[in-house]
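Chain residues, written in single-letter form:
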Amino acid sequence: MLSLRSIRHRPGRFLATLLSAFLGAAIIMTFNSMHDTAARDGVDSTSAETLSTAAGVVGGYGTLLVFFAVASTLTVNVRQRAAELELLRCSGATPAQLKRMVVGEAVVVALVGAALAIGPAMLGGRALLDLFQDSGQVAESVPHDFGPIALISGIDITLLASAGAAFLAVRRATRGQEKRGGARKFLAYAALLVGAASVTSTFAFSASDAALMAPPAYGAILLSVGFALLAPRLLEGVLNRLPLSGASGWLAVRNLRERAGHLAGILMSLILFTAVATATLTMQAVESDTVEALGITKSIDDKTLETLNFTVVGIIVVFVCVMLVNSLYAATSYRSREFGQQRLAGATPGQVLGTVGVEGLILTVTGVVFGALAALAGIIPFTVVRSDEVLPVEVYGIGLAVVAVAAAVTLGTALVTARRMLRTPAVGAVAVAS
């Protein structure tokens, strides 16, 4: 089978996809094991409801994250193999055969990742149950159960997400630039429309409604998904308006404009991370401060929601950071030949690193700005209804922390990877890449 032969020949190119599949399957299995635990005999109704809510809410986030993570890494992988795929086409391979090869590779890698995730997911499920029990949300007598719901859902969702992402990536690569983008634009505008409607519906709730946080939170997430799907267009729009000068600035804008489509996965990750982390943490902070100011004792539902919010954000931070590191490392290490050519043309290693730094800064600012817009679209309506303020003071500290993490991961990975590539002599980098 060509897919297996390709994996055996160059296993290193599939490590990013394997890591994304592993983390995604681990998250899905960990939380869906709460469904298995809730279904055990003797579990009281309150504990069962808490466990099922946790599994349902985070399971949906997990599915979305798996698809975006695998899609971003596979897209980079397929684009870096453009010459190889073109050679196969010139050798007689049909587009259908190329699709089967790439999808087959993704399925095999996803299956391995899901299998490796079973053990960590069991440990994660036990730790999550302990967290709920320590906070009094689940009875101490409830034992953890890792059963068929966790196992089947983790494997099935990971395989389907990997196969779907691989099919879309290779389909774009084989159809050509002129036929791309129709479905993506439709989904992007649909997400923006539904997100705006969800955010607007916040004003239909009262301050005391238990479900007040849901519409603005889901609205912010949908808006960030819409912006993420439009990432290449957003980046091109920003680049057209940048007044950068100097060699590094001019070269960075030129490189980003030529590689806007290739960098979509990185920008998508930044937008989703900024929006979800900022919106969720800020709304939870506003809710907690308001409850404390009113002297109200938190109910089990309130504690469950707070635990879920922090857990979701923690998962997203880890997952998106891995996505960013994977995508940035792959995209930067692939440019070894380009860096070698620049140095042979007279650029110093410092100038090359400066260009990479400016590129990373532009990506970071673009992702943070559109992510912040999506987050504020949810935060402001929630704060107006809950506390009669417009912009809560909590958003400033949380926003700065989110921006710091995004900048550190993006710039750090790009610069460290580029510095490593520059250790290879320029002549050797051009010769090897050729």
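Note that this is a predicted model, so its numbers are computed, not measured.

Calculation notes
Residues numbered from 1 in each chain as written. Predicted model: local features only at pLDDT ≥ 70, side-chain atom pairs only at ≥ 80, totals over all residues. Heavy atoms only, no water. Axes fitted to C-alpha atoms, helices over the stretch in contact; angles between N-to-C directions. Helix = DSSP H or I, 4+ residues; strand = E, 2+ residues; numbered from the N terminus. Parallel < 35°, antiparallel > 145°, perpendicular 65-115°, else oblique. Left-handed = near helix turned anticlockwise from the far one by under 90°. Nonpolar A, V, L, I, M, F, W, Y, C, P; charged D, E, K, R; others polar. Core = buried A, V, L, I, M, F, W, Y, C linked by side-chain atoms within 4.5 Å. Buried < 20%, exposed > 50% of the residue type's maximum accessible area, 1.4 Å probe, protein only. Contact = heavy atoms within 4.5 Å. Salt bridge = Lys/Arg side-chain N within 4 Å of Asp/Glu carboxyl O.

## A short note on the packing of helix α11 (residues 264-294) against helix α14 (residues 349-387)
- Viewed as axis vectors pointing N to C, α11 and α14 meet at an angle of 25°, and their least axial separation amounts to 7 Å. Taken together, α11 and α14 sit at an angle that is classed as roughly parallel. Here α11 runs over α14; the crossing is right-handed.
- Class assignment for the residues of the contact of α11 with α14 results in 17 nonpolar, eleven polar and two charged.

## Considerations on the nonpolar core
- With 54 residues, the main nonpolar core has Phe227, Leu235, Ile266, Phe339 and Leu363 as its most contacted residues.
- Listed by contribution, the elements that provide at least two residues to this core are α7 (182-200), α8 (214-229), α9 (231-239), α10 (247-258), α11, α12 (300-333), α14 and α15 (394-421).
- Take this core: its biggest share by element is eleven residues, from α11.
- Apart from residues no more than four positions distant in its own chain, Phe339 is found in contact with Thr332, Val352, Val356, Ala418, Met421 and Leu422.
- In this structure, Ile27, Ala38, Val43 and Leu128 belong to the second largest nonpolar core, which totals 20 residues.

## Remarks on the pattern of salt bridges
- Summed over the entire model, instances satisfying the criterion amount to one salt bridge.
- Across the salt bridge formed by Glu287 and Arg386, the nearest N and O atoms sit 2.7 Å from each other. Taken together, the residues Glu287 in helix α11 and Arg386 in helix α14 connect sequence positions 99 residues apart.
- Of the residues examined, Glu287 reaches a relative accessible area of 17% and is grouped as buried.

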